[in-house]
Amino acid sequence: MPLSASSCDPAALQRLQRQAGWMFALAGAGITIGWLALPEPLANLLTLLLAPVMALFLVQMFRVCRVGRAV
């Protein structure tokens, strides 16, 4: 979908997409490092905590962009 077709400001939407990309990259790196460095039960807990928290932040960022306020 082109940025001009969205209901959000194109610059704000692109900033949101960039922030979401960084969030996925950092969460993936954290989970990977956790599974390499921690015992399995703790790594599993890290995954179960980090993935939903990242998803909630992402949903909140999209809600803010959809309402039209600055991200």
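All figures in this text were calculated on a predicted structure; none of them were measured in a lab.

Some details on the overall build of the protein chain
Move 1: Secondary structure assignment for the protein chain yields 2 helices and 0 strands.
Move 2: The buried share of the protein chain, reckoned over its 71 residues, is 23%.
Move 3: In the protein chain, the proportion of contacts linking residues at least 24 apart, taken out of those at least 6 apart, comes to 48%.
Move 4: For the protein chain, the exposed surface amounts to about 5200 Å²; the carbon and sulfur share of it is 70%.

Some remarks on a nonpolar patch on the surface
Move 1: On the surface, Leu38, Leu42, Leu45 and Leu49 cluster together into a nonpolar patch covering about 360 Å² of accessible area.
Move 2: Considering the arrangement of structural elements, one finds Leu49 in helix α2 (residues 40-67).

Here's the deal with the nonpolar core
Move 1: Core analysis: the largest hydrophobic core is formed by 9 residues, namely Leu13, Leu16, Ala20, Met23, Ala27, Met54, Leu58, Met61 and Cys65.
Move 2: Contributing elements (two or more residues each) for this core: α1 (10-37) and α2.
Move 3: Among the elements that make up this core, the one with the highest residue count is α1 (5 residues).
Move 4: Excluding its chain neighbours within four sequence positions, the residues that come into contact with Met54 are Met23, Phe24 and Ala27.

As for α1
Move 1: The first and last C-alpha atoms of α1 sit 40 Å apart over 28 residues, in line with the 40 Å expected at 1.5 Å per residue.
Move 2: Of the residues making up α1, those classed as buried are Ala12, Leu13, Leu16, Ala20, Met23, Ala27, Ile31 and Gly34.

With respect to the environment of Phe24
Move 1: Take Phe24: it is sitting in helix α1.
Move 2: For the pair Phe24 and Leu58, spaced 34 residues apart in sequence, the C-alpha separation works out to 9.4 Å.
Move 3: Filtering out sequence-adjacent residues up to four positions away, Phe24 remains in contact with Met54 and Leu58.

Conventions we followed
Residues numbered from 1 in each chain as written. Predicted model: local features only at pLDDT ≥ 70, side-chain atom pairs only at ≥ 80, totals over all residues. Heavy atoms only, no water. Helix = DSSP H or I, 4+ residues; strand = E, 2+ residues; numbered from the N terminus. Buried < 20%, exposed > 50% of the residue type's maximum accessible area, 1.4 Å probe, protein only. Contact = heavy atoms within 4.5 Å. Areas by Shrake-Rupley, 256 points an atom, 1.4 Å probe, with all protein chains shown as cover. Patch = residues over 30% accessible without salt bridge, like charges linked within 9 Å, V, L, I, M, F, W, Y side chains within 5 Å. Salt bridge = Lys/Arg side-chain N within 4 Å of Asp/Glu carboxyl O. Core = buried A, V, L, I, M, F, W, Y, C linked by side-chain atoms within 4.5 Å. Expected span 1.5 Å × (residues − 1).

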